[in-house]
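The residues making up each chain are set out below.
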Amino acid sequence: ISCEVKSDKIVVTPKSADVECMALVYADTKTGLTSIVKLLFEKEICKVVAPAEGYVVDFENGTVEVNVVSNIPFEVKPQADWLHYVSTKATSYTVTITADNNTVAEPRTGIVNIVRAGTDDVLQTIEIAQKPLDPSINLSKKESANCYLISKAGQYKFATVKGNSAESVGSVASAAIVWETWNNTETVTAGSVIASLEYDGGYIKFATPETLKCGNALIAAKDANGVILWSWHIWVTDMAIEGIDCGHAGETLVMNCNLGAIDVPGTNGGFGLQYQWGRKDPFMGCGSLGHSDLSTVCGTEMTLTTDLLSEDDARQNPTLFYHVGSNGKDWFAGSASDRWAESKTVNDPCPAGWRAARSTDNSVFLLSGGTVADMETYTFTADGVVFPFSGTIYYESGSFDKSDTIYHLADDYNTTTPKGWRVKSSSGSRTAVRKASGGAVRCVAVSAVE
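Now for a description of the structure that goes with this document. (Residues numbered from 1 in each chain as written. Predicted model: local features only at pLDDT ≥ 70, side-chain atom pairs only at ≥ 80, totals over all residues. Heavy atoms only, no water.)

Quick notes on the nonpolar core
Point 1. The biggest cluster of nonpolar side chains holds 28 residues, and the ones touching the most others in it are Trp235 and Leu259.
Point 2. At the level of elements, strand E16 (174-181), strand E19 (215-222), strand E20 (228-236), strand E27 (354-356) and strand E37 (443-448) are the ones that each hand at least two residues to this core.
Point 3. What Leu259 contacts, discounting residues up to four positions off in sequence, is Cys147, Trp235, Gly272, Leu273, Tyr275, Pro349, Cys350, Pro351, Val441 and Cys443. (Core = buried A, V, L, I, M, F, W, Y, C linked by side-chain atoms within 4.5 Å. Buried < 20%, exposed > 50% of the residue type's maximum accessible area, 1.4 Å probe, protein only. Helix = DSSP H or I, 4+ residues; strand = E, 2+ residues; numbered from the N terminus. Contact = heavy atoms within 4.5 Å.)

This is the structure we're talking about:
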């Protein structure tokens, strides 16, 4: 170190930035006044504390926070035009940098220099990598659901969160197709509805074939032991899914088809899927016009049990159908009264923007009298809305019957029976139906008509 005595101070200067020492500075006025000062000298330091995996940002909305340890005033200068310095928190030296969206299918890297303030002297260099453009359409970007509706061939993804919420399903290790169906009785080819599937960093990604094949599929997220954590219904149809306004002031729009249908009512593909009340996962629906045949499936078929299901049982076994004699009113071992409700619940099976219908939603669901049925197309019309005779999976036996049709409503009537809509021959009426019964779901729009 060197010392320089000035009229009002003593200037002590280290000769190197690498000096790290303690010094005693002694001053003597020669008149009997003396002073000793202890000085501690630190090395100049400017260090980036980088994570082991380095700095990597997503292809869109990329932001990175860089931790810097420094006793030197510094500036931040990105060396790539797609990287932008935002701010530094002075107390903790956290430097925030954002990246423009990557619009190409190749990864890229950029450099950010940390320089001595007022100079171009580089103290540290930060390398930031950015992932390539992901061509997958994010189905859950605006809203998560238990059912995702696909109308065009392409690549898709959705976040592994429980439907209608932002809650993670847990530690996902893999994804798998549980089943695929064409909504008819033909032999289903594996990979015909969902061509490819993978789990990638919080998302399940899948692709359809280049030529869209209408049908339905169930996709599951599994943990490291192969246990299903959650499953999602992928509904593939090129039919326009729209809401029907029946002309009543303030009513909700009724979906123009059953949940899972791939064609209009009155056709082989117009029946949709079957649900036990309060469960998010569907079972096969009617596969042949005028017959009591369930649609065929490629993958895990429906199995029957006489043991009541817990929450975990239902989640881990989405193809397990509970039935037991004349007392099998409810499939759930606990209290299922809020599994479907007035508002959209985590178990609601409808796509984003839609929810399970309530008896109070529309005059359609308040019918107590007969309507004219078209027995050639196995449909009936109520308030201008066409409903197919979709049948039911009986809670007593687990067998399917075309002649007796149940439409589940979200209302919970009591602990064992919810309100539903039951159709026999040419009449439709709102009544109590068994929660263990398989029934169709007709969704309604979340928002009412203004």
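Back to the write-up after that little detour.
Re the state of the cysteines
Point 1. This model, assessed by the stated rule, comprises one disulfide.
Point 2. Cys147 forms no disulfide, and the closest cysteine sulfur to it belongs to Cys443, at a distance of 7.3 Å.
Point 3. Given the relative accessible area of 0%, Cys147 is considered buried.
Point 4. Left unpaired, Cys257 is separated from the closest cysteine sulfur, that of Cys443, by 8.3 Å.
Point 5. Residue classification places Cys257 among the buried positions, given a relative accessible area of 0%. (Disulfide = S-S within 2.5 Å.)

Considering the sheet that holds strand E24 (residues 298-299)
Point 1. As summarised here, the arrangement of the five strands in space is E14-E20-E19-E16-E24, forming an open sheet in which the pairing is mixed. Each having just a single partner strand, strand E14 (147-150) and E24 make up the two edges of the open sheet.
Point 2. Relative to E20, E14 is paired through four bridges, and the arrangement is parallel. Residue Leu149 lies in a different strand from E20, and its bridge partner there is Trp235. (Pairing = 2+ DSSP bridges.)

Section: the pattern of salt bridges
Point 1. Taken as a whole and assessed by the stated rule, the structure comprises twelve salt bridges.
Point 2. Measuring nitrogen to oxygen at the nearest pair gives 3.3 Å for the salt bridge that ties Asp134 to Lys157. Of this pair, Asp134 sits in the loop between strand E12 (122-130) and strand E13 (137-138) while Lys157 sits in strand E15 (residues 155-159); the two residues are 23 residues apart in sequence, bridging distant segments of the chain. In this pair, the class of Asp134 matches that of Lys157, namely buried. (Salt bridge = Lys/Arg side-chain N within 4 Å of Asp/Glu carboxyl O.)

What to know about the environment of Ile262
Point 1. By the element assignment, Ile262 lies in the loop between strand E22 (252-255) and strand E23 (275-276).
Point 2. Residue classification places Ile262 among the buried positions, given a relative accessible area of 15%.
Point 3. It is 9.6 Å that separates the C-alpha atoms of Ile262 and Ala240, two residues lying 22 residues apart in sequence.
Point 4. Sequence-distant contacts of Ile262, defined by excluding residues within four places in its chain, comprise Trp182, Asn183, Cys214, Gly215, Asn216, Trp235, Val236, Thr237, Met239 and Gly269.

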